[in-house]
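# Tertiary structure, described
Listed below, chain by chain, are the residues.
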Amino acid sequence: MTLFGFVPAMHSEDKVEIIRGADFPFYMKEAEAGDGEGMRCVAVCYQTGAGVEKDLRKAWEWYGKAAAEGNTEAQYAIGTLYRDGIGTRQNYKEAAYWFRKAASNGHAKAMINIARQFAEGKGVLADQRIAAENYWRAAERGEDEGAYQFAVMLRDGKGVAKDLPRALKYFTKAAAHDYKDSRSQAEALISQGVRLSPDKNKHKHK
């Protein structure tokens, strides 16, 4: 048992969340009172061994209860557990189901994950259009990976109409936080004579 625990970041985009093991009794009290966030925190504690013995079966149980209460973070967490095969057999189809559920509730990281699955055809039929849409949605919520990947698709005309000025716009968004090689990608477009232009379709992904 550890006093402090954290959700392991299996993928670089996963948020590392500090959960105080000392607060486990409080989380459990809230969970037993029907609070979805309390349920999720209890699940995190059981997943990581924060303030309680690590128990993935109980972690799954409490994530499920939290998700049933509409807790979007719990829905996303279940998707990551299926994706990474934690406490269960790896199942991309189930991961896709939960990522789509969380994404529909506005979870940006879930949008990134479901976009990846549609781009790669993991657990779903490959569909570049859906991948582009979800990368765009994530980008509009400030996700650098979403901006970068959407820019690549705009540049290459993959899943979305080719649009170099918009590609430059999204590479520039990602470059603001030095994401991957977004800066050099933007510079490459500029060297080709591409310039930023007003985005008349900023609410559309194609």
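Structure's up top.
Here the structure is a predicted model, which means the values were calculated and not measured.

## Examining the pattern of salt bridges
Close approach of charged atoms lets side chains of opposite charge pair. Taken as a whole and assessed by the stated rule, the structure comprises 11 salt bridges. With a shortest N-O distance of 2.7 Å, Asp178 and Arg183 are connected by a salt bridge. In the salt-bridge network here, residues are joined through shared partners; they are Arg57, Glu61 and Lys65.

## Details of the packing of helix H8 (residues 144-156) against helix H9 (residues 164-175)
Orientation of H8 relative to H9, taken along the N-to-C sense of each, is 160°, at an axis distance of 8 Å. The pairing of H8 with H9 is recorded here as roughly antiparallel in orientation. Regarding H8 and H9, the two cross each other, and that crossing is left-handed. For the pair H8 and H9, contact is made by Asp144, Ala147, Tyr148, Phe150, Ala151, Val152, Leu154 and Arg155 and by Leu164, Arg166, Ala167, Tyr170, Phe171, Lys173 and Ala174, respectively.

## Describing helix H2 (residues 36-48)
Between its first and last C-alpha, H2 extends 19 Å over 13 residues, near the 18 Å set by a 1.5 Å rise per residue. H2 sits mainly inside the fold: 12 of its 13 residues count as buried. When H2 is considered as a whole, its buried residues turn out to be Gly36, Gly38, Met39, Arg40, Cys41, Val42, Ala43, Val44, Cys45, Tyr46, Gln47 and Thr48. For H2, the capping residue at the N-terminal end is Asp35, with a side-chain oxygen 3.3 Å from the backbone nitrogen of Glu37.

## Here we look at the nonpolar core
Within the largest apolar cluster, 63 residues are counted, with the highest numbers of intra-cluster contacts made by Val42, Tyr46, Trp62, Tyr63, Phe150 and Tyr170. For Tyr63, the residues in contact, after removing those within four places along its chain, are Arg40, Ala43, Val44, Gln47, Ala74, Ala77, Ile78 and Leu81.

## Notes on helix H1 (residues 24-32)
Buried within H1 are the following residues: Phe24, Tyr27, Met28 and Ala31. In a view along the axis of H1, the buried residues occupy a sector of 95°, so they form one face of it. For H1, the exposed residues lying more than 90 degrees away from the buried face are Pro25 and Lys29. Summarising the contacts, the buried residues of H1 are in contact with strand E2 (18-20), H2 and helix H3 (56-68). Of the residues one or two after H1, Gly34 is the one with positive phi, at around 95°.

## Concerning the state of the cysteines
Inspection of the entire model under this criterion finds zero disulfides. We note that Cys41 lacks a disulfide partner, and the nearest cysteine sulfur, in Cys45, lies 6.9 Å from it. What makes Cys41 buried here is its relative accessible area of 8%. On the basis of relative accessible area, Cys45 is assigned to the buried category, the value being 0%.

## Observations concerning the environment of Arg195
Within the secondary structure, Arg195 is located in the segment after helix H10 (182-191). In the structure, Arg195 is positioned 26 residues away from Lys169 in sequence and 8.8 Å away in space, judged by C-alpha atoms. Each residue touching Arg195, except ones within four places of it in the same chain, is listed here: Pro165, Leu168 and Ile190. Within the local environment of Arg195, its side chain forms a polar contact with the backbone oxygen of Ile190, the two atoms lying 3.1 Å apart.

Reading the values: the criteria
Residues numbered from 1 in each chain as written. Predicted model: local features only at pLDDT ≥ 70, side-chain atom pairs only at ≥ 80, totals over all residues. Heavy atoms only, no water. Salt bridge = Lys/Arg side-chain N within 4 Å of Asp/Glu carboxyl O. Axes fitted to C-alpha atoms, helices over the stretch in contact; angles between N-to-C directions. Helix = DSSP H or I, 4+ residues; strand = E, 2+ residues; numbered from the N terminus. Parallel < 35°, antiparallel > 145°, perpendicular 65-115°, else oblique. Left-handed = near helix turned anticlockwise from the far one by under 90°. Contact = heavy atoms within 4.5 Å. Expected span 1.5 Å × (residues − 1). Buried < 20%, exposed > 50% of the residue type's maximum accessible area, 1.4 Å probe, protein only. Polar contact = N/O pair within 3.5 Å; in protein donor to acceptor, adjacent residues only side chain to side chain. Core = buried A, V, L, I, M, F, W, Y, C linked by side-chain atoms within 4.5 Å. Arc of directions from axis to C-beta. Disulfide = S-S within 2.5 Å.

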